[in-house]
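Listed below, chain by chain, are the residues.
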Amino acid sequence: MTDRSHRILWAALAFVAASSAAQTLPGVGYEPGPRGLSLSGYKLDSLSNRFTYYAMNMSADPGAVGAHPNPYYLDISDPLVQQTYEMRYGPGTIGPRMKSWIGPNNEVRPVLVDALQWWFANRPQGLGGSTVGRNGVPTEREIIDVQATGDRDIWQFYLIASTPGFSADNREVIDDPSLPPGDGQRMNVFWNMTNYFHNTFTGYYPFSPQVAIPPSN
């Protein structure tokens with residue numbers, strides 16, 4: 001192959017790659033509206049306040065506006081991004097008055113990211129929107145939508161399918177003298193889900209001082 005042929009080939013490959021990149025859409029295709037969710041819920045000023053509920057403007061996408069639109073970074077210093085954000089989620093959701101969403105808050109955002117990716121890979125038809133041509137990486141808007149609407153199915157189905165302790169068929173193994181030995185269950189308060197466990201603790205030797213009996217193999 002001549003140098004000229006090499007140049008033509010590389011130019012063609014570069015064109016195909018650029019075209020493919022241009023056609024790839026960000027996100028996983030999550031849309032709360034078709035899933036029957038249209039209200040955002042949030043607390044302003046104090047965590048002890050009641051939730052404020054707002055009918056979301058689903059056409060407002062803060063990741064698609066502003067001087068430098070970016071679905072993966074919302075520049076809230078941009079007035080248009082601020083305005084669009086509050087159009088979607090409600091007055092006061094940008095700034096110091098905002099205290100919490102009705103769904104999981106930022107400390108567990110990585111779990112929501114993993115959950116949305118799990119749905120994209122395993123239940124794409126349930127995400128509410130089109131997944132065709134998506135890159136499979138949840139956008140800021142998609143993550144915040146889950147938080148704002150409190151869409152429990154998104155994280156519950158993921159945790160049950162992937163994490164020990166959230167299914168009777170996939171129990172968390174613990175060694176806890178305060179709980180009965182063997183299989184049991186209790187409430188996971190944070191996720192408000194049943195925690196299924198298998199306790200390997202078997203009791204104490206019948207003499208003092210009390211020394212835990214090591215679990216049998």
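These figures come from a predicted structure and were not determined experimentally.

On to the confidence of the model for the protein chain, then. Should the pLDDT be low somewhere, the predicted coordinates at that spot are not to be read in detail. Of the residues in the protein chain, 83% reach a pLDDT of 70 or more, and the chain-wide mean stands at 89. In this model, residues 4-9 is a region of pLDDT below 50 whose contacts with residues beyond four sequence positions or in other chains number two contacts.

A separate point is the packing of aromatic side chains. In this structure the tally under the stated criterion is eight aromatic pairs. For the ring pair F190 and W191, a centre distance of 5.0 Å and an interplane angle of 85° mean the geometry is edge-to-face. Given the relative accessible area of 11%, W191 is considered buried. Over the ring of W119 we find R35, and its NZ or CZ is 5.1 Å from the ring centre. Directly above the ring of W119 sits R123, whose terminal nitrogen or CZ lies 5.9 Å from the centroid.

Strands in a sheet are paired, the pairing made by backbone hydrogen bonds, and the direction either parallel or antiparallel. Strands sit in the order 4-6-5 across an open sheet of three strands; the sheet is mixed. The open sheet has two edge strands, strand 4 (172-174) and strand 5 (182-188), and neither has a second partner. Neighbour-to-neighbour, the strand axes of the sheet open up by a mean angle of 40°, direction not taken into account. Across seven bridges, the pairing between strand 5 and strand 6 (residues 193-199) is antiparallel. Note on strand 6: the bridge partner recorded for M187 is T194.

A few words now on the sheet that holds strand 1 (residues 39-44). Taken in spatial order, the three strands line up as 2-1-3 in an open sheet, and their pairing is antiparallel. Single-partner strands in this sheet number two, and they are strand 2 (52-55) and strand 3 (98-101). The average undirected angle you get between the axes of adjacent strands in this sheet is 40°. The pairing of strand 1 with strand 3 spans three bridges and is classified as antiparallel. Counterpart to K43 in the pairing with strand 3 is S100. Sitting on the sheet, helix 2 (residues 79-89) is in contact with strand 1, strand 2 and strand 3, with an inclination near 100° to strand 2. The strands touched by helix 4 (residues 140-149) within the sheet are strand 1 and strand 3, with strand 1 carrying the most contacts at an inclination of about 75°.

This next bit is on a nonpolar patch on the surface. A contiguous nonpolar patch, built from L39, Y53 and I102 and spanning about 290 Å² of accessible area, is present on the exposed surface. Its location among the elements puts Y53 in strand 2.

Analysis parameters
Residues numbered from 1 in each chain as written. Predicted model: local features only at pLDDT ≥ 70, side-chain atom pairs only at ≥ 80, totals over all residues. Heavy atoms only, no water. pLDDT = per-residue confidence, 0-100. Contact = heavy atoms within 4.5 Å. Phe/Tyr/Trp six-rings, centres within 6.5 Å; stacked < 30°, edge-to-face > 60°. Buried < 20%, exposed > 50% of the residue type's maximum accessible area, 1.4 Å probe, protein only. Lys NZ or Arg CZ within 6 Å of the ring centre and 35° of its normal. Pairing = 2+ DSSP bridges. Helix = DSSP H or I, 4+ residues; strand = E, 2+ residues; numbered from the N terminus. Axes fitted to C-alpha atoms, helices over the stretch in contact; angles between N-to-C directions. Patch = residues over 30% accessible without salt bridge, like charges linked within 9 Å, V, L, I, M, F, W, Y side chains within 5 Å. Areas by Shrake-Rupley, 256 points an atom, 1.4 Å probe, with all protein chains shown as cover. Salt bridge = Lys/Arg side-chain N within 4 Å of Asp/Glu carboxyl O.

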